[in-house]
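Structural features, examined
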Amino acid sequence: MAETCPGPVLIETTDVSIRSHVEDHLRVLADRGWRPTFVCADTGLVADIVRLTGARPYVLSMARDPAPWRDLCAMLRLIALLRRLRPTLVVYGTPKASLLGAMAAAACRVPRRVYVLHGLRSETLRGAGKFVQLVLERLVLGLSHEVVAVSPSLVRTAARHGLPVGAARVLGAGSVNGVDTRRFRPHTEWPQATAADEVVIGFVGRLHRDKGTLDLLAAFAAARACDARLRLHLVGDWELGEDDAAIVQRAVATSDGAIRASGSTENVAAALASFDIVTLPTYREGLPTVLLEAAAMGLPVVATRATGVVDVIPADDLGWLCDVGDVAGLTEQLLACARDSHREERAARLRERVLADFSRPVVTKRWVEEYERHLSTLTSSPQVEGRSAGRASPERS
């Protein structure tokens, strides 16, 4: 069998990000005859990703939070790896992987360096923290030959923050991986999970101030005072400070069962299917995957007009929207949605839009074509039939 041609090196902080962002990219690239490589920390998923995609893995531990000594060591190992691989195209996404990947690829003079802009932490920061994040963003942008953002509104927000993103591109309507419409199918196809006299409002995501967790609790309390049918279910990892966590715990304990909070789940589709309404009162996003998933299931959505959200729900006739941080407006929209006997008609229109613009095959095709656009100017196009027979084992870098 003919040898596969070299392909891109994709760098993400962890294998969780590889799975959620680029696993399908790797598989399709390998199917088309390229030999893609991915670099990330291994939390237990790398071997499975290799099995599913045939991509070549390199395991590199990267700390998500600032850790100067560990970051320096990781960057030096990444430089050594890139010098050995001598790639023509390196693509990096997620904050830590982008910072280390951009510096390492620039040090190795990789011919094409592409930054995938997933979001802006600086959008909700203040003071010195905001300044540092903007400096780091400018560094990554300056070291990259091209920037691809996951949504148009993210480019606009970056520009408002004074970042040099004038030449940034968005592929199609946006997103990096789209939504798996086979898994996230209409909720009417799932077993009935809620009582007829209840309206369950669901939230799936990190329990964090940036996600509007405290705003949601306040709005829900006000809404339930007007409509006793309402229930709230929070699903996700707790990333709240001690005081904020105490607020959530107190709200759950004193709600007489109207509020539930559970940890993150691998079966997001099943969690969404147990809701009548999905809400995301977030302060910032890149492009919110959970809204794509909820929309693909035909669920009504109540959200804020935050960066990223407005690219999924660009018009009020597709969802129920309020301004960021507007608790009174969120209360009003939760009640309006819960009392709307035709809410699933609006949800059906949103589902049509998401299927057309964000289905996984559509989004993956855009990204694979983007990789090949770069590779075709740097290497010969692949002229092989089928995939390479072997499966690589992770190499520790």
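Residues numbered from 1 in each chain as written. Predicted model: local features only at pLDDT ≥ 70, side-chain atom pairs only at ≥ 80, totals over all residues. Heavy atoms only, no water.

With that out of the way, let us pick up the confidence of the model for the protein. It should be kept in mind that the predicted coordinates are not to be read in detail where pLDDT is low. The predicted model of the protein has a mean per-residue pLDDT of 91, with 93% of residues at 70 or higher. Ignoring residues within four places in sequence, the model shows residues 383-391, a span with pLDDT below 50, making 22 contacts including any to other chains. (pLDDT = per-residue confidence, 0-100. Contact = heavy atoms within 4.5 Å.)

So, on to helix α3 (residues 68-85). With 18 residues, α3 extends 25 Å between its outermost C-alpha atoms, agreeing within 8% with the 26 Å of an ideal straight helix rising 1.5 Å per residue. Of all the positions in α3, only D71, C73, A74, M75, L78, I79, L81, L82 and L85 are classed as buried. (Helix = DSSP H or I, 4+ residues; strand = E, 2+ residues; numbered from the N terminus. Expected span 1.5 Å × (residues − 1). Buried < 20%, exposed > 50% of the residue type's maximum accessible area, 1.4 Å probe, protein only.)

Further remarks concern the nonpolar core. One finds I11, F38, L78, L272 and L291 to be the most contacted residues of the largest nonpolar core, which totals 126 residues. Among the elements that make up this core, the one with the highest residue count is α3 (7 residues). The residues contacting L272, other than those within four sequence positions of it, are F184, V204, V278, V290, E293, A294, M297 and L299. (Core = buried A, V, L, I, M, F, W, Y, C linked by side-chain atoms within 4.5 Å.)

What follows covers the pattern of salt bridges. Using the criterion set out here, one finds 23 salt bridges in the structure. Its salt-bridge partner being D210, residue R284 comes within 3.3 Å of it at the nearest N-O pair. You can see R284 sitting in the loop between β11 (277-280) and α10 (289-296) and its partner D210 sitting in the loop between β8 (199-204) and α7 (213-226), a full 74 residues away along the chain. One salt bridge in this structure joins R305 and D316, with 3.6 Å as the shortest N-O distance. A residue pair is termed long-range when its members are at least 10 positions apart, and R305 in the loop between β12 (301-304) and α11 (309-312) and D316 in the loop between α11 and β13 (320-322) qualify at 11 residues. Since its relative accessible area comes to 36%, R305 is described here as partly exposed. (Salt bridge = Lys/Arg side-chain N within 4 Å of Asp/Glu carboxyl O.)

So, about the pairing of strand β5 (residues 112-117). The buried fraction of β5 is high, at 5 of 6 residues. Note: strand β4 (residues 89-93) against β5, 5 bridges, orientation parallel. Residue Y92 lies in a different strand from β5, and its bridge partner there is Y115. Read from β4 through helix α4 (residues 95-107) to β5, the crossover connection turns out right-handed. Sheet topology note: the β5/strand β6 (residues 146-149) ladder contains 4 bridges and is parallel. Among the inter-strand pairings, Y115 is bridged to a residue of β6, identified as V147. (Pairing = 2+ DSSP bridges. Right-handed = clockwise from strand over helix to strand, strands pointing away.)

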